[in-house]
Amino acid sequence: MCCVMAVVFIGGARLSVTFWTLCDSLKQVKDMMVFKSQLGDIESTLHSLEPLIKEMAECEKELDGQGEELENLSVEMEEGVELIRKCSKASRFKKYKYGSRLVELGKSLQRLLGILKVQGIRDVKKALISMRNIENVVQRIEGNCVIQNIQSEKIEGWCAVPEPTTVTVGLDVPLRELKMKLFTYGVSMVIVTAPGGCGKTTLATKLCQDAEIKDKFKSNIFFVTVTKKHNLFLIVQELYHRTGAQVPDFQSDVTAVSWMHQFLKKTGQNPMLLVLDDVWAGSEFILEKFDELKMTNCKILVTSRSSFPRFGSPYYLECLNDADAMALFHHAASLGDRSSYISEDLPRKIVERCMGFPLAITVLGRSLCGQPIEIWQKRVLEWSRGSSVLESEHDLLDCLQSSLDALDEEKPLIRECFIDLGLFPEDQRIPATVLVDMWAELYGIHEDILSISHLYELASQSLANLVVTRKDNKYSDGYYTEHFVTQHDMLRELAIRQTSQEPLQQRMRLMIDICGDNLPMWWKEQKYQSLIARVVSISTDEEFSSTWQNLQLPEAEVLILNFQTKYYALPEFVEKMKKLKTLVLTSCSSSPTELNNFQLVDSIPSLKRIRLERISLPSISRYPIQLKSLKKISLFMCCIGQGFGNGTIQISEAFPNVVEMNIDYCNDLVELPAQLCDLIQLKKLSVTNSHKLSALPEDIGNLVNLELLRLRSCTDLSELPGSIRNLKKLNFLDISDCFSMKELPENIGELCSLERLNMRQCSRLNELPSSVLDLEHLKEVTCDEETEILWEPFLPYLTNMHIKVVKEDINLNWLHKSHF
């Protein structure tokens, strides 16, 4: 053992010397233009390695087990020193041959960096893989508690720290000052305050990612977005979700506060950091309840546009200074070498117009990126008329408006899509599938990929953020349930402003936000006989009593209802919306909402799409309905109960012509009803993340028009019915993450139209039936390294088939990244 320790010690010393030698060599040649990109990548990797090297130098005696990695890294660095030396002396005619070698050096250093980073979590990963093999046993013993917590993390990111932005400038001093203030003895809560768009959330995220903070608080870092419509129940439940504990059920604010105090006392036994992000005026009650314990180990950071002076002296986040603002603009506009032919006077005038607001600088920089110099000059001339842009927040919106105006001229449809994002509640993750349904009927965009491409376009213009909660979704297969859209507050206000400037009776979009039972005055007074809006969004809070007044919306094609109460009634004016095509009902309650008056939709002749989120299905099955025009129904996190699986809802009668059905994250779904097999028009059936689903109907083969069958992450599903052989039009089958799947049907080869098969992480499959040789049209099989082996005997015969191996991506977010 002493010999091993000596070797590691010597290896660590050698590594440290070699590292600094490589850094010095790089500094001498990093300005060589021909290698600027490659040398820049290597320099970035060395910056990432530096803290690890320093830690090794300080803790050499703890490096046992990493000798091989240290040796490899030392060798790579020594070769790198020699390579850079040769580059510096090579003639200009020979320099080109070293470019690829520098790229390989950069990749090698990146790989070794990754190895060192994950060294400490290898045992955890092995444990996770082992746990997967006994997942079904755990579910039978513990029910759905664990799966529900994992699922919640995937959808909502329960209290997880957001990923840091690629580039941040001007936050080093605020970060240092904020840490000093936070660690001051006797201070339990710090308020970071500034106008919207100044970078409060970015600073809070950077704080959580800081090495000193992570070393102090370890895995006890929680990040909660509070929003304007604060809900103490949901905040406390998110905290319990993050720890993997059983989520309590609250009956009142008093019990919620009691559970919150229990959480803080238990979790706060070790140092704990809680970030309450985007807290609005009127939320003093929540801050008071979090702060009243004043635990020594618990620090609370609040970001808000309000200063809340009663909780101590706030930290005022200033706008960027001139140098930092210019640096951010250069990055956003991707100036680089182009700045040589763009006068520095132009960026300076633009940055001055933004008054140091990071969001405005970033949006404007990206809108000008790659544009001719005349466009830059035109913008400056348009802005050089009068007073400062940031005299108020409305002026910031005016500044952002220029990006939207450019869309209006070149991409008017993208502009309309952007404005639609303002129809959703503040700080709510907007499911991409909701937008797909809206835009299909509003704009005739019937291909899902086109709607998703519009979202990517908005993201590229810095007008929205597209978040994909599962990394393996980068392989496009038409599954967008885990795609969400988020927006900065200022951008959302920009979208709302486009509509609010029009007279109410002329608006194509109508957004109504109701607090309690306080309807807008124009609605109370019945000022307008009818409105011509095509899209209507109505949001209510937990105090709403479902007491509606009449509202005539004869032209409405999309209706979005967001609510927070356990009981909710559809407004009676719905039955008069004869042109309604898309209905979206979203409950933000802590438990599934019981819905009344759902039978009103039976009077809508044109209704094509329905999406229900967190709805109790038994509550909508009390009265028979028949929606002959309905083409698509989506159930997301709904309570199935006794309203679906046992045939209470007469599916074949209620939805006789439906062609697409999506069931996602419905935890109590045990089996699909047999009568679902009578939906002979059905072309797409997707059941995902329903962990208790154990069987499909035996007659599923009756769905003769089915083209897509997705059963992703149905972890208790062990087999497919033999009648699947009758699905002659099926071209895509997805059984990925079906860990209990033991075998495929012997006659699977009769799926004569099957082109794509996704079977990654079907770890219990031991062999494939010989009939797979008959899958003549099979073009692509997605699998992991284990299931890839099962196909090897058949590869010589399936010459048109391509195997795509997806490496396992174990999500370690629940470990709070404490190992890095």
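Parameters and conventions
- Numbers given to residues run from 1 along each chain, matching the order in which its sequence is written.
- Local features in a predicted model are, by the rule used here, given only for residues with pLDDT of at least 70; side-chain atom pairs are given and counted only at 80 or more, and totals for whole chains, interfaces and linings are based on all residues.
- Only hydrogens and water are removed before side-chain values are computed, so all heavy atoms of the structure are retained for them.
- Each reported salt bridge corresponds to a side-chain nitrogen of Lys or Arg within 4 Å of a carboxyl oxygen of Asp or Glu.
- In this description a helix means any DSSP run of H or I spanning at least four residues, a strand means any run of E spanning at least two, and both kinds are numbered starting from the N terminus.
- Accessibility here uses a 1.4 Å probe with only protein chains present; expressed as a share of the type maximum, an area under 20% marks a residue as buried, one over 50% as exposed, and anything in between as partly exposed.
- At least two DSSP bridges between two strands are required for those strands to pair.
- Stacked, tilted and edge-to-face are the three classes assigned to paired rings of Phe, Tyr and Trp, where Trp is represented by its six-membered ring and a pair needs centres within 6.5 Å; plane angles under 30 degrees give stacked, over 60 edge-to-face, the rest tilted.
- The criterion is that NZ of a Lys, or CZ of an Arg, lies within 6 Å of the ring centre and within 35 degrees of the ring normal, and then a charge sits over that ring.

## Structural notes on the pattern of salt bridges
So, point 1. Across all of its chains, the model carries 26 salt bridges by this definition.
So, point 2. Ionic pairing is found between Asp 437 and Lys 632, a salt bridge with its closest N-O pair at 2.8 Å. Placement of Asp 437 in helix H20 (residues 432-442) and of Lys 632 in strand E17 (residues 632-636) is noted, with a sequence separation of 195 residues between them. When sorted by exposure, Asp 437 lands in the same class as Lys 632, which is buried.
So, point 3. Residue Glu 780 pairs with Lys 804 through a salt bridge whose shortest N-O separation is 3.6 Å. Of the two residues, Glu 780 is situated in strand E23 (residues 780-783) and Lys 804 in strand E24 (residues 802-805); the sequence distance between them amounts to 24 residues.

## Side note on helix H16 (residues 358-368)
So, point 1. With 10 of 11 residues buried, H16 is to be regarded as a mostly interior element.
So, point 2. Taken together, the buried positions of H16 are occupied by Pro 358, Leu 359, Ala 360, Ile 361, Thr 362, Val 363, Leu 364, Gly 365, Ser 367 and Leu 368.

## Notes on the environment of Leu 669
So, point 1. Tracing the sequence through the fold places Leu 669 in the loop between strand E18 (660-664) and strand E19 (684-688).
So, point 2. Leu 669 gets classed as buried once you look at its relative accessible area, which sits at 1%.
So, point 3. A sequence separation of 28 residues divides Leu 669 from Gly 641, and the C-alpha atoms of the two residues are 7.6 Å apart.

## Looking at the pairing of strand E15 (residues 609-613)
So, point 1. The buried fraction of E15 is high, at five of five residues.
So, point 2. Burial of E15 is two-sided: the residues Arg 609, Arg 611 and Glu 613 facing one way and the residues Ile 610 and Leu 612 facing the other way are all buried.
So, point 3. The pairing of strand E13 (residues 582-587) with E15 spans five bridges and is parallel. The partner of Thr 582 across the bridge, within E15, is Arg 609.

## A short note on the packing of aromatic side chains
So, point 1. A complete count under the given rule lists 13 aromatic pairs for this structure.
So, point 2. Between Phe 563 and Tyr 568 the ring centres are 3.8 Å apart and the planes differ by 15°, which places this aromatic pair in the stacked class.
So, point 3. Grouping aromatic residues by their ring pairs yields a cluster made of Trp 522, Trp 523, Tyr 528, Phe 544, Trp 548, Phe 563, Tyr 568 and Phe 573.
So, point 4. Taking NZ or CZ as reference, Arg 756 lies 4.2 Å from the ring centre of Phe 732, over its face.

## Topic: the environment of Arg 85
So, point 1. Within the element layout of this structure, Arg 85 appears in helix H3 (residues 67-89).
So, point 2. Judged by its relative accessible area of 36%, Arg 85 is partly exposed.
So, point 3. Measuring from C-alpha to C-alpha, the distance between Arg 85 and Ser 25 comes to 7.4 Å, with 60 residues separating the pair along the chain.

## Concerning unusual backbone geometry
So, point 1. The residue Ser 546 is not glycine, and still its phi comes out positive at about 65°.
So, point 2. Positionally, Ser 546 belongs in the loop between strand E10 (535-540) and strand E11 (558-563).
So, point 3. Residue Tyr 665 is not a glycine yet carries a positive backbone phi of 55°.
So, point 4. Relative to the helices and strands, Tyr 665 is located in the loop between E18 and E19.

Everything listed here is a matter of coordinates, which is why it stays silent on function.
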